[in-house]
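Here is how the chains run, residue by residue.
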Amino acid sequence: MSNVDQQQEKREFGAEFHSLWRITFCPAIWALHFTLSYCTAAIVCAKGGSVEMLRAGIAIGTVASLVAIAWLGWRSWRQWDLVNDREWENDAGTSEDRHQFLGHAAFLLSIISFIGVAYVALPALLIETCR
């Protein structure tokens, strides 16, 4: 294998490495938001804290989570590259197809995570009391 091929392979591996991380970030944000929202609500209600402050904190966390997921989803959409090549399936097994498939998978996970964060926040934002 020539030096140029090794450098090309190293570059492709680096790009796919970041793609694999991008796939995990959206569900991780969703899980973190879920944990923090419900743990904070349990602590605030157990200690007799202000429900209005709890709702404001959950709203801020929800907006931050949704913005982060939307940004990651946008990057995944660009990696999928559907608009330019109109290729819905990436089954050829080339490095470009693998790259676009990882973008496709990350984009779909970002949509699921976005919906999940919104549904986790709804009950917490609609509560009026801790009873």
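Small disclaimer: the values here were computed from a predicted structure and weren't measured.

A look at the overall build of the protein
- In terms of helices and strands, the protein carries four helices and zero strands.
- When the 131 residues of the protein are sorted by exposure, 29% land in the buried category.
- Intrachain contacts of the protein at a sequence separation of at least 6 include 76% that bridge at least 24 residues.
- As presented, the protein carries roughly 8800 Å² of accessible surface, and 68% of it is formed by carbon and sulfur atoms.

As for the nonpolar core
- Cys26, Ile29, Leu66, Ile69, Leu72 and Val117 together form the largest nonpolar core, which totals six residues.
- Those elements that provide at least two residues to this core are α1 (3-47) and α2 (51-80).
- It is α2 that contributes the most residues to this core, three residues altogether.
- If near-sequence neighbours (up to four positions away) are discounted, Ile29 is found in contact with Ser65, Ala68, Ile69 and Leu72.
- Counting five residues, the second-largest nonpolar core is a separate cluster that includes Ala41, Leu54, Ile58 and Ala124.

Here's the deal with the packing of α2 against helix α4 (residues 95-126)
- Running from amino to carboxyl end, α2 crosses α4 at an angle of 165 degrees, the nearest separation of the two axes being 8 Å. The angle between α2 and α4 falls in the class roughly antiparallel. α2 and α4 meet at a crossing whose hand is left-handed.
- Here the contact of α2 with α4 is built from residues that sort into 16 nonpolar, 11 polar and one charged.

Points about a nonpolar patch on the surface
- Where nonpolar side chains cluster on the molecular surface, the patch consists of Leu108, Ile111, Ile115, Tyr119, Leu122 and Leu126 and spans about 610 Å² of accessible area.
- Relative to the helices and strands, Leu108 resides in helix α4.

Describing the environment of Ala106
- Note that Ala106 resides in helix α4.
- Measuring from C-alpha to C-alpha, the distance between Ala106 and Arg75 comes to 9.0 Å, with 31 residues separating the pair along the chain.

Observations regarding the confidence of the model for the protein
- Model confidence for the protein is summarised by a mean pLDDT of 85, while 89% of its residues fall at 70 or above.
- Per-residue pLDDT, averaged within each element of the protein, yields its smallest value for helix α3 (residues 82-85) (68) and its largest for α2 (92).

Examining the environment of Glu96
- Inspection of the secondary structure assignment puts Glu96 in helix α4.
- As a C-alpha pair, Glu96 and Trp80 span 16 residues in sequence and 9.8 Å in three-dimensional space.

Thresholds, definitions, all that
Within each chain, residue numbers correspond to sequence positions counted from 1 in written order. Only residues with pLDDT of at least 70 are given local features in this predicted model, and only at 80 or more are side-chain atom pairs given and counted; all residues enter the totals for whole chains, interfaces and linings. Computation of side-chain values: all heavy atoms of the structure, hydrogens and water removed. Think of it this way: any DSSP run of H or I at least four residues long counts as a helix, any run of E at least two long counts as a strand, and we number them from the N terminus. Burial status follows relative accessibility: with a 1.4 Å probe on protein chains alone, a residue under 20% of its type maximum counts as buried, one over 50% as exposed, and anything between as partly exposed. The contact rule is simple, with two residues in contact once any of their heavy atoms fall within 4.5 Å. Residue exposure ignores everything except the shown protein chains as possible cover, and the areas themselves are Shrake-Rupley values with a 1.4 Å probe. Nonpolar cores were defined as sets of buried Ala, Val, Leu, Ile, Met, Phe, Trp, Tyr and Cys residues, with membership established by side-chain atoms within 4.5 Å. In this analysis, axes come from line fits to C-alpha atoms, helices being fitted only over the stretch in contact, and the angle between any two N-to-C directions falls in the range 0 to 180 degrees. Should an angle lie under 35 degrees it is considered roughly parallel, over 145 roughly antiparallel, and from 65 to 115 roughly perpendicular; all remaining angles are considered oblique. By convention, the crossing between two helices is left-handed when the near helix turns anticlockwise from the far helix through less than a right angle, and right-handed when the turn is clockwise. Residue polarity follows a fixed list, in which Ala, Val, Leu, Ile, Met, Phe, Trp, Tyr, Cys and Pro are nonpolar, Asp, Glu, Lys and Arg are charged, and the others, Gly among them, are polar. Like-charged residues are merged into a patch within 9 Å and nonpolar side chains (Val, Leu, Ile, Met, Phe, Trp, Tyr) within 5 Å, provided each residue has over 30% relative accessible area and no salt bridge. Counted as salt bridges are all cases of a side-chain nitrogen of Lys or Arg within 4 Å of a carboxyl oxygen of Asp or Glu. One number per residue, pLDDT, summarises how confident the predictor is, and it ranges from 0 to 100.

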